[in-house]
Amino acid sequence: MRKNIVAGNWKMNKTLQEGIALAKELNEVLANEKPNCDVIICTPFIHLASVAGLVDAAKIGVGAENCADKESGAYTGEVSAAMVASTGAKYVILGHSERRAYYGETAEILKEKVKLALANGLTPIFCIGEVLEEREAGKQNEVVYSQLAGSLYDLSAEDFSKIILAYEPVWAIGTGKTATAEQAQEIHAYIRKTIEDRYGKEVAENTSILYGGSCKASNAKELFANPDVDGGLIGGASLKAADFKGIIDAFN
Ligand code: 13P
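None of these values were measured; they are calculated from a predicted model.

1. Brief notes about the site of the ligand
Right, so step 1: The environment of the ligand is formed by N9, K11, H96, E168, A172, I173, G174, G213, S214, L233, G235 and G236.
Right, so step 2: Between E168 and the ligand, the recorded distance is 2.9 Å, taken from a side-chain N or O atom to an oxygen atom.
Right, so step 3: For the ligand, an oxygen atom lies 2.7 Å from a polar atom in the backbone of G174.
Right, so step 4: Of the residues assigned to the shell around the ligand, the class counts are three nonpolar, seven polar and two charged.

2. Regarding the pairing of strand β8 (residues 231-234)
Right, so step 1: Side chains of β8 alternate between two faces, with G231 and L233 and G232 and I234 buried alike.
Right, so step 2: As defined by bridge partners, strand β1 (residues 5-9) adjoins β8 across four bridges and the pair is classed as parallel. Along β8, the bridge assignment pairs A7 with L233.
Right, so step 3: Relative to β8, strand β7 (residues 209-212) is paired through two bridges, and the arrangement is parallel. Residue pairing in the sheet places Y211 in a bridge with G232 of β8.
Right, so step 4: Following the chain from β7 across helix α11 (residues 217-224) to the adjacent parallel β8, one finds a crossover that is right-handed.

3. So, the nonpolar core
Right, so step 1: By size, the foremost hydrophobic cluster in this structure holds 65 residues, and its most contacted members are I41, L152, L165, I191, I195 and F224.
Right, so step 2: Other than its neighbours up to four places away in sequence, I191 contacts I128, V144, L148, Y153, L165, Y167 and I209.
Right, so step 3: One finds I40, C42, C127 and L210 within the second-largest nonpolar core, a separate group that totals twelve residues.

Each value, and the rule that gives it
Residues numbered from 1 in each chain as written. Predicted model: local features only at pLDDT ≥ 70, side-chain atom pairs only at ≥ 80, totals over all residues. Heavy atoms only, no water. Near = heavy atom within 4 Å. Polar contact = N/O pair within 3.5 Å; in protein donor to acceptor, adjacent residues only side chain to side chain. Nonpolar A, V, L, I, M, F, W, Y, C, P; charged D, E, K, R; others polar. Buried < 20%, exposed > 50% of the residue type's maximum accessible area, 1.4 Å probe, protein only. Helix = DSSP H or I, 4+ residues; strand = E, 2+ residues; numbered from the N terminus. Pairing = 2+ DSSP bridges. Right-handed = clockwise from strand over helix to strand, strands pointing away. Core = buried A, V, L, I, M, F, W, Y, C linked by side-chain atoms within 4.5 Å. Contact = heavy atoms within 4.5 Å.

Here it is in C-alpha coordinates:
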(Lines give C-alpha, C1' and ligand atoms only; values in the text may rest on other atoms or scores of the structure.)
Protein backbone atom coordinates (compact mmCIF):
# COMPACT_ATOMS: atom_id res chain seq x y z
CA MET A 1 0.00 0.00 0.00
CA ARG A 2 1.14 3.54 -0.64
CA LYS A 3 2.66 5.60 2.14
CA ASN A 4 1.39 8.75 3.76
CA ILE A 5 4.19 11.30 3.72
CA VAL A 6 4.77 14.78 5.10
CA ALA A 7 7.83 16.33 3.46
CA GLY A 8 9.33 19.73 4.15
CA ASN A 9 10.98 21.85 1.47
CA TRP A 10 13.12 24.45 3.16
CA LYS A 11 13.85 26.17 -0.17
CA MET A 12 16.61 28.85 0.16
CA ASN A 13 16.11 29.43 3.86
CA LYS A 14 18.27 28.90 6.96
CA THR A 15 22.00 29.26 7.40
CA LEU A 16 23.83 26.03 8.20
CA GLN A 17 23.61 26.74 11.94
CA GLU A 18 19.91 27.59 11.76
CA GLY A 19 19.22 24.49 9.70
CA ILE A 20 21.04 22.24 12.16
CA ALA A 21 19.07 23.82 15.02
CA LEU A 22 15.76 23.22 13.21
CA ALA A 23 16.64 19.61 12.38
CA LYS A 24 17.65 19.00 16.02
CA GLU A 25 14.43 20.52 17.28
CA LEU A 26 12.33 18.40 14.94
CA ASN A 27 14.26 15.31 15.96
CA GLU A 28 13.51 16.07 19.61
CA VAL A 29 9.86 16.86 18.96
CA LEU A 30 9.45 13.47 17.25
CA ALA A 31 11.65 11.52 19.70
CA ASN A 32 8.78 10.17 21.79
CA GLU A 33 6.24 10.03 18.99
CA LYS A 34 5.29 7.50 16.42
CA PRO A 35 4.13 9.56 13.45
CA ASN A 36 1.43 7.99 11.31
CA CYS A 37 3.29 9.03 8.20
CA ASP A 38 6.80 9.12 6.80
CA VAL A 39 8.52 12.41 7.61
CA ILE A 40 11.08 13.90 5.21
CA ILE A 41 13.00 17.16 5.30
CA CYS A 42 14.52 18.50 2.10
CA THR A 43 17.27 21.02 2.75
CA PRO A 44 19.78 23.11 0.83
CA PHE A 45 22.79 21.08 -0.33
CA ILE A 46 25.18 22.46 2.26
CA HIS A 47 22.96 21.29 5.13
CA LEU A 48 22.54 17.73 3.94
CA ALA A 49 25.52 15.95 5.50
CA SER A 50 25.09 17.63 8.89
CA VAL A 51 21.32 17.13 8.99
CA ALA A 52 21.50 13.51 7.76
CA GLY A 53 24.10 12.85 10.45
CA LEU A 54 22.03 14.16 13.31
CA VAL A 55 18.41 13.05 12.73
CA ASP A 56 17.05 9.65 13.70
CA ALA A 57 16.95 8.02 10.26
CA ALA A 58 14.19 5.67 11.40
CA LYS A 59 11.89 8.68 11.82
CA ILE A 60 13.13 11.44 9.55
CA GLY A 61 14.31 11.02 5.97
CA VAL A 62 16.54 13.67 4.46
CA GLY A 63 16.47 14.95 0.91
CA ALA A 64 17.95 17.56 -1.41
CA GLU A 65 15.92 20.15 -3.29
CA ASN A 66 17.58 19.53 -6.64
CA CYS A 67 20.47 17.71 -8.30
CA ALA A 68 22.41 18.10 -11.54
CA ASP A 69 21.35 16.69 -14.89
CA LYS A 70 24.93 15.50 -15.51
CA GLU A 71 26.81 12.70 -13.86
CA SER A 72 30.06 14.53 -13.03
CA GLY A 73 32.70 16.77 -14.54
CA ALA A 74 33.21 20.39 -15.52
CA TYR A 75 29.86 21.84 -14.43
CA THR A 76 30.90 24.56 -12.02
CA GLY A 77 28.51 25.06 -9.15
CA GLU A 78 26.43 21.96 -9.78
CA VAL A 79 25.84 19.11 -7.30
CA SER A 80 25.42 15.59 -8.66
CA ALA A 81 22.98 12.92 -7.56
CA ALA A 82 25.95 10.80 -6.42
CA MET A 83 27.16 13.67 -4.23
CA VAL A 84 23.69 14.06 -2.71
CA ALA A 85 23.54 10.33 -1.99
CA SER A 86 27.00 10.42 -0.41
CA THR A 87 25.71 12.77 2.33
CA GLY A 88 23.25 10.17 3.57
CA ALA A 89 20.28 11.87 1.90
CA LYS A 90 17.72 9.46 0.47
CA TYR A 91 15.40 11.80 -1.45
CA VAL A 92 15.59 14.61 -3.96
CA ILE A 93 12.91 17.07 -5.01
CA LEU A 94 12.90 17.40 -8.80
CA GLY A 95 10.85 19.60 -11.09
CA HIS A 96 9.74 22.09 -8.47
CA SER A 97 7.86 24.93 -10.18
CA GLU A 98 10.46 27.41 -8.93
CA ARG A 99 13.19 25.43 -10.70
CA ARG A 100 11.07 25.20 -13.85
CA ALA A 101 10.19 28.91 -13.82
CA TYR A 102 13.44 30.55 -12.66
CA TYR A 103 16.12 28.11 -13.83
CA GLY A 104 14.70 26.95 -17.12
CA GLU A 105 14.25 23.30 -16.20
CA THR A 106 12.51 21.57 -19.08
CA ALA A 107 10.86 18.16 -19.26
CA GLU A 108 13.98 16.83 -21.02
CA ILE A 109 16.38 18.15 -18.37
CA LEU A 110 14.16 16.71 -15.64
CA LYS A 111 14.12 13.35 -17.37
CA GLU A 112 17.93 13.24 -17.04
CA LYS A 113 17.79 14.32 -13.40
CA VAL A 114 15.23 11.62 -12.59
CA LYS A 115 17.39 8.97 -14.28
CA LEU A 116 20.51 10.04 -12.38
CA ALA A 117 18.65 10.27 -9.07
CA LEU A 118 17.31 6.72 -9.51
CA ALA A 119 20.68 5.40 -10.66
CA ASN A 120 22.18 6.72 -7.42
CA GLY A 121 19.54 5.20 -5.19
CA LEU A 122 17.69 8.45 -4.46
CA THR A 123 13.91 8.64 -4.36
CA PRO A 124 12.72 11.56 -6.51
CA ILE A 125 9.88 13.69 -5.16
CA PHE A 126 8.70 14.86 -8.55
CA CYS A 127 6.65 18.06 -8.66
CA ILE A 128 3.95 18.95 -11.15
CA GLY A 129 1.34 21.67 -11.23
CA GLU A 130 -0.28 24.37 -13.32
CA VAL A 131 -0.03 28.18 -13.15
CA LEU A 132 -3.07 30.36 -12.49
CA GLU A 133 -3.84 31.14 -16.14
CA GLU A 134 -3.83 27.43 -16.96
CA ARG A 135 -6.21 26.73 -14.06
CA GLU A 136 -8.49 29.56 -15.14
CA ALA A 137 -8.53 28.18 -18.68
CA GLY A 138 -9.45 24.73 -17.30
CA LYS A 139 -6.17 23.27 -18.61
CA GLN A 140 -4.79 21.88 -15.34
CA ASN A 141 -5.25 18.23 -16.32
CA GLU A 142 -3.54 18.71 -19.67
CA VAL A 143 -0.63 20.52 -17.98
CA VAL A 144 0.02 17.90 -15.32
CA TYR A 145 -0.34 15.12 -17.87
CA SER A 146 2.27 16.64 -20.14
CA GLN A 147 4.64 17.18 -17.17
CA LEU A 148 4.23 13.53 -16.15
CA ALA A 149 4.48 12.11 -19.66
CA GLY A 150 7.34 14.45 -20.60
CA SER A 151 9.66 13.40 -17.79
CA LEU A 152 8.44 10.16 -16.24
CA TYR A 153 6.29 7.99 -18.49
CA ASP A 154 9.27 6.57 -20.36
CA LEU A 155 10.44 4.94 -17.13
CA SER A 156 9.97 1.23 -16.58
CA ALA A 157 7.18 0.31 -14.16
CA GLU A 158 9.86 -0.75 -11.70
CA ASP A 159 11.55 2.65 -11.80
CA PHE A 160 8.29 4.60 -11.81
CA SER A 161 7.27 2.75 -8.64
CA LYS A 162 10.17 4.40 -6.82
CA ILE A 163 8.85 7.91 -7.44
CA ILE A 164 6.85 10.11 -5.07
CA LEU A 165 4.69 12.71 -6.82
CA ALA A 166 3.81 16.14 -5.51
CA TYR A 167 0.98 18.12 -7.06
CA GLU A 168 1.68 21.78 -6.38
CA PRO A 169 -0.58 24.30 -8.10
CA VAL A 170 1.75 27.25 -8.69
CA TRP A 171 -1.01 29.72 -7.72
CA ALA A 172 -1.12 28.18 -4.24
CA ILE A 173 2.62 28.22 -3.50
CA GLY A 174 3.57 30.79 -0.90
CA THR A 175 0.39 32.75 -1.61
CA GLY A 176 -1.71 31.67 1.34
CA LYS A 177 -4.25 30.49 -1.24
CA THR A 178 -4.74 26.73 -0.91
CA ALA A 179 -6.50 24.47 -3.36
CA THR A 180 -9.79 23.38 -1.83
CA ALA A 181 -9.98 19.80 -0.66
CA GLU A 182 -12.29 19.12 -3.64
CA GLN A 183 -9.88 20.68 -6.15
CA ALA A 184 -7.00 18.66 -4.70
CA GLN A 185 -8.94 15.39 -4.71
CA GLU A 186 -10.19 15.94 -8.25
CA ILE A 187 -6.77 16.44 -9.79
CA HIS A 188 -5.03 13.83 -7.62
CA ALA A 189 -7.62 11.28 -8.81
CA TYR A 190 -6.93 12.36 -12.39
CA ILE A 191 -3.17 11.98 -11.86
CA ARG A 192 -3.69 8.50 -10.41
CA LYS A 193 -5.89 7.59 -13.39
CA THR A 194 -3.17 8.60 -15.85
CA ILE A 195 -0.69 6.45 -13.91
CA GLU A 196 -3.14 3.56 -14.11
CA ASP A 197 -3.51 4.05 -17.88
CA ARG A 198 0.27 3.97 -18.27
CA TYR A 199 1.42 1.46 -15.64
CA GLY A 200 -1.70 -0.37 -14.46
CA LYS A 201 -3.81 -0.31 -11.34
CA GLU A 202 -1.32 -1.76 -8.91
CA VAL A 203 1.40 0.80 -9.63
CA ALA A 204 -1.19 3.61 -9.54
CA GLU A 205 -2.57 2.46 -6.20
CA ASN A 206 0.93 2.29 -4.74
CA THR A 207 2.06 5.76 -5.83
CA SER A 208 2.09 8.42 -3.10
CA ILE A 209 0.75 11.73 -4.42
CA LEU A 210 1.41 14.67 -2.10
CA TYR A 211 -0.30 18.05 -2.18
CA GLY A 212 1.76 21.24 -1.90
CA GLY A 213 0.83 24.90 -1.77
CA SER A 214 0.10 26.89 1.41
CA CYS A 215 -0.51 23.69 3.33
CA LYS A 216 -0.52 24.29 7.08
CA ALA A 217 -1.72 22.67 10.29
CA SER A 218 -5.13 24.31 9.96
CA ASN A 219 -5.93 22.88 6.51
CA ALA A 220 -3.79 19.72 6.38
CA LYS A 221 -6.36 17.41 7.93
CA GLU A 222 -9.05 18.31 5.43
CA LEU A 223 -6.66 18.01 2.49
CA PHE A 224 -5.14 14.70 3.64
CA ALA A 225 -8.58 13.19 4.33
CA ASN A 226 -9.11 12.86 0.58
CA PRO A 227 -8.62 9.33 -0.70
CA ASP A 228 -6.09 10.35 -3.34
CA VAL A 229 -4.11 12.89 -1.27
CA ASP A 230 -1.33 10.97 0.48
CA GLY A 231 0.27 13.82 2.39
CA GLY A 232 1.95 17.12 1.72
CA LEU A 233 5.04 18.90 0.45
CA ILE A 234 5.38 21.83 2.78
CA GLY A 235 7.28 25.07 2.19
CA GLY A 236 6.79 27.94 4.66
CA ALA A 237 5.22 25.80 7.38
CA SER A 238 8.24 23.45 7.42
CA LEU A 239 10.53 26.20 8.71
CA LYS A 240 9.33 25.94 12.30
CA ALA A 241 9.31 22.61 14.09
CA ALA A 242 5.97 23.29 15.82
CA ASP A 243 4.22 24.23 12.56
CA PHE A 244 5.62 21.20 10.75
CA LYS A 245 4.67 18.92 13.63
CA GLY A 246 1.13 20.31 13.43
CA ILE A 247 0.94 19.07 9.84
CA ILE A 248 2.45 15.66 10.71
CA ASP A 249 -0.26 15.38 13.39
CA ALA A 250 -2.95 15.73 10.72
CA PHE A 251 -2.42 11.98 10.19
CA ASN A 252 -3.18 11.13 13.82
P1 13P B 1 4.37 26.80 0.61
O2 13P B 1 3.96 25.71 1.56
O3 13P B 1 5.24 27.84 1.24
O4 13P B 1 3.21 27.37 -0.14
O5 13P B 1 5.31 26.10 -0.48
C6 13P B 1 4.90 24.92 -1.09
C7 13P B 1 6.02 24.37 -1.87
O8 13P B 1 6.43 24.93 -2.87
C9 13P B 1 6.66 23.15 -1.38
O10 13P B 1 7.53 22.61 -2.32
